Amino acid sequence: MSTFRNLSSSRRLALGLLGLAGAGGAGLALSLERAVSAADADRFAHAPHFHWPHEGFLDSYDVKSIRRGYEVYKNVCAACHGCFTVAYRMLRNVCMTPEEAKAEAKRATYLDGPNDEGEMYNRPGKTADYLPKPYPNEQAAAYANGGKAPPDLGLITFARHGYENYIFALLTGYQDPPAGFQVDEGLYFNPYFRGGALAMPPPLYNEVLEYSDGTPATKSQCAKDVACFLRFAAEPWHDERKKLALKLVSLLALISAALAYYNRHVWTVLINRKVMYVPKKKSS
Amino acid sequence: MSTQFYKSNPLFKVFNSTLIELPAPPNISAFWNFGSLLSGCLIVQIISGLFLASAYSAGMELSFEQVFKAMEVSDKGWLIRYIHANGASLFFLCLYFHVGRGIYYGSYLYVHTWNVGVTILLLTMAAAFMGYVLPVNQMSFWGASVITNLFSEIPYVGPNVVQYIWGGVTVEGPTIYRFFAFHFLVPFIILALVVVHITMLHMTGSGNPLGIHSEVDKVSFHSYFSLKDGLGVALASGGFVLVCMYWPLVLGDDENFSLANPSVTPHHIQPEWYFLFAYAILRSIPNKLGGVVALLLSVLILYLMPFTGLAKKKGSMFYPVSKGLFWGFVVCVLALTWIGACPVEPPYVLTGQIFTVLYFMFYLLTPISAALWDALS
C-alpha cells in the first residue's frame, strides 16, 4: 500500500504544490467573498434563524399556530394583501373542523356569474373558493397604497431569503432609523427590508387582536403565528411530504443495501481473479 | 426455451444483444454508470413532464398562479413538480460527470458517438432553459429576456430573429406558448438521439480506464453490469429522494416565487446552477457579440475534441501532465460556476476572465502536452 512517505521526492513536491494551490485558491475565494460583502451598499440585515416547530425531519406543522396565524392574517393582513394559494377547503381538518371551514367561507362574498340573465352577482363563499383578494386588480391595489401594490402573501415565505425567519424578523423588526439614515415621508425603517425603508406601517403590536383560543396576543406571538400560517400557505403538502420521505428513504436504503451485497457477491470471482502473462518458451 | 425465444424474436433479440449478452470490458469503473443513470433521468423527466403538461396553462398571467395551484390540486402534483425541477439538476450533474469521464478517458475518439452525445448535451440545455421559463416567475422571465436578447447579436438578421422568437416586442404570451411547444417536443428528439448514441457505442464497444482494446477479456452485460448499474440507480435515487423530499427548493432561487414583473429587474439575474459556468463565460467578455461567441464556444468546442487525439495512448491515464490539466479544468469549471452566481463587479469580473481563459486553454494544452510527453518518453 503506497503512503505519502513512500512517494518519490518529486511526487511529494507535486502533491505539496497542489495542496498549496488548493488551499490558496480556497483562501482567495473566501477573502474575495468577504471583501465584496463589506463594500456592498445595498446590504440589509439577514434574519436570524429561529427554531420553528416544523423544521425537523420528523416534525409536522403546528396546527394550533396555523389557526392563530389565520386569525392574524384575516384581521390584520387581509385588508391589503391577498393569499392566492389558500382555499377554505385546505383549512378543513388542518386547523378547522369541516363545519368551521364552511362557516368561515360563507362569511366572505364572491363576485360570480354571469347568471341566466347575463348579470354578475354576489354570492356567499364556498369551501372551494380561494381566500378573497382585497382589491379587484393590481391597479386598484397600487392606487390605494400610494402607487405600489402590496404583494400577495401566498408564496411570500419562499419568495424572500430566510423564509419564515424573514417574515418574523420583518414583522418584529420595525425601529427608529440609525443616525444619518434618511427615511422619506410615509416610509418606515426596518433593517430586514432590502433598502431599509418600506411603505407598510408596523402591522403588529401587543393585543392587536384577541385569539379565539385565549393565547395572549403579544406582538412576537402574532408574528410567529402568521409566519407559520404563511409557511402553510406556501407549502400545504409539507406534512405529507415528510411522511412520504420516511417511506421512500427507508425503502431505497433497503434496496441499495440488498443490491450492494448482491452486486459484490456476483462480482467477487471476477475482481479476485489473477491475470498472468506467461510468454511462450522459445523452442530451441 | 426462453433463452432461444429472446435470441430469435426480432424485437427481443435487440434487447438481448443490448442489455443481456452485450460484451463489456470487466474493468470499467463507476464513472461508466452515468450513461445508464442518464437514461433513467431522461425517462423520469419525460414521464413527470407529461403529468405536468396535463395541468399546465401557458400564458404570461396564467402560468404562475396555475403552476402553484396545480401542485396542491393535482394528486401528488407537488411531488411531480419537485421531481421534474430537481430531476433537471440530477440530469445535468450526470451529464457533466459523463462528459468529464469522456474527456479524461479519451471517449471522444469514438467520433460519431461523441458528436451525437454533444448534440444531446446541447439539446438538453435548450430544453432545460425553455422549461425553466414556463412558470413565468420573476427569474425565469428575466432569464428568458437576457438569453433571447443574445440572438440580436446575429449580424443583419439578429433583431428580427429575436422578435420572431418572442412573437412580439418582448417576452410575452406567444413566447411562452412556443417555448412550451418546444419544451414538449425536444425531449423526444433527445430520446431518439439517445438510441442513436447507444447504437453507435455498441458498434465500437465501451471504452475502459486503461484505454486498451479488450476484445480478449469481456463479460456479458447481464448480470455484471445490470447489477452494477442497478446499484448506481438505487444510490442516485436515494440522494435524489433526499433532496426532493427534504430540501426541494435548495437548488432554486427566491425569485422563482415572485410573479414576473417586466418593470422590476431582480437584484441578481442568474440561471440555474448548471448553466452558471457558461453564464460566467458570457459575462467575462466586455463585448456583447464576443460574449455570445464565447458562450457558444464553451460547449461547441466539445465537437472539436475528436480532432485533438494527438497522443499515442488513449485517455489521460498515462499522461501525468494531461491529468493535472484535467483536474485544473475541473477547478476552472467549479470556479466559473461560483463566479456566475456573483454580482458583475470587481473582483469577480477579472477572476471570471482569468478562469475563462484557463477554461479554453485546457482544450489547446491537453493534446499538445500529451504529444510532447510521447515525444519525450
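Residues numbered from 1 in each chain as written. Chains lettered and ligands numbered in written order. Predicted model: local features only at pLDDT ≥ 70, side-chain atom pairs only at ≥ 80, totals over all residues. Heavy atoms only, no water.

The name recorded for chain B in an unreviewed UniProt entry is Cytochrome b, from Hyalella azteca. Under the heading Sequence similarities (unreviewed entry), UniProt records this for chain B: "Belongs to the cytochrome b family." Word for word, the UniProt comment on chain B under Subunit (unreviewed entry) is "The main subunits of complex b-c1 are: cytochrome b, cytochrome c1 and the Rieske protein." (UniProt positions renumbered as here; feature names shortened; annotations may be inferred.)

An unreviewed UniProt entry annotates chain A as Cytochrome c1, heme protein, mitochondrial originating from Hyalella azteca. In UniProt, chain A has this text filed under Function (unreviewed entry): "Electron carrier protein. The oxidized form of the cytochrome c heme group can accept an electron from the heme group of the cytochrome c1 subunit of cytochrome reductase. Cytochrome c then transfers this electron to the cytochrome oxidase complex, the final protein carrier in the mitochondrial electron-transport chain." One UniProt comment on chain A, placed under Subcellular location (unreviewed entry), says "Mitochondrion inner membrane".

Asks: Which residues make up the domain arrangement of chain B, and what values do they have?
Replies: How big an interface is tends to be stated in terms of accessible area lost as the parts join. All names here are of chain B. What the domain assignment reports for chain B is domain 1 (30-261) and domain 2 (270-376). Distance between the C-alpha centres of domain 1 and domain 2: 22 Å. Taken residue by residue, the interface counts 39 residues in domain 1 and 29 residues in domain 2. Counting the surface lost from both domain 1 and domain 2, the interface buries some 3200 Å², and carbon and sulfur atoms represent 72% of this. (Domains from an automatic or database assignment. Contact = heavy atoms within 4.5 Å. Buried area = accessible area lost by both parts, 1.4 Å probe.)

Asks: Provide a residue-level description of the confidence of the model for chain B, including the pertinent values.
Replies: For chain B, mean pLDDT is 93; residues scoring 70 or higher make up 99% of the total. Across the interfaces of the predicted complex, the ipTM metric reaches 0.89, alongside a pTM of 0.90. (pLDDT = per-residue confidence, 0-100.)

Asks: Lay out a nonpolar patch on the surface in plain terms, naming residues and giving numbers.
Replies: On the surface, Phe57, Leu58 and Leu246 of chain A together with Leu242, Trp247, Val250 and Leu251 of chain B cluster together into a nonpolar patch covering about 680 Å² of accessible area. Within the secondary structure layout, valine 250 of chain B lies in the loop between helix H10 (221-246) and helix H11 (276-284). Using a relative accessible area of 54% as the deciding quantity, one classes valine 250 of chain B as exposed. (Patch = residues over 30% accessible without salt bridge, like charges linked within 9 Å, V, L, I, M, F, W, Y side chains within 5 Å. Areas by Shrake-Rupley, 256 points an atom, 1.4 Å probe, with all protein chains shown as cover. Salt bridge = Lys/Arg side-chain N within 4 Å of Asp/Glu carboxyl O. Helix = DSSP H or I, 4+ residues; strand = E, 2+ residues; numbered from the N terminus. Buried < 20%, exposed > 50% of the residue type's maximum accessible area, 1.4 Å probe, protein only.)

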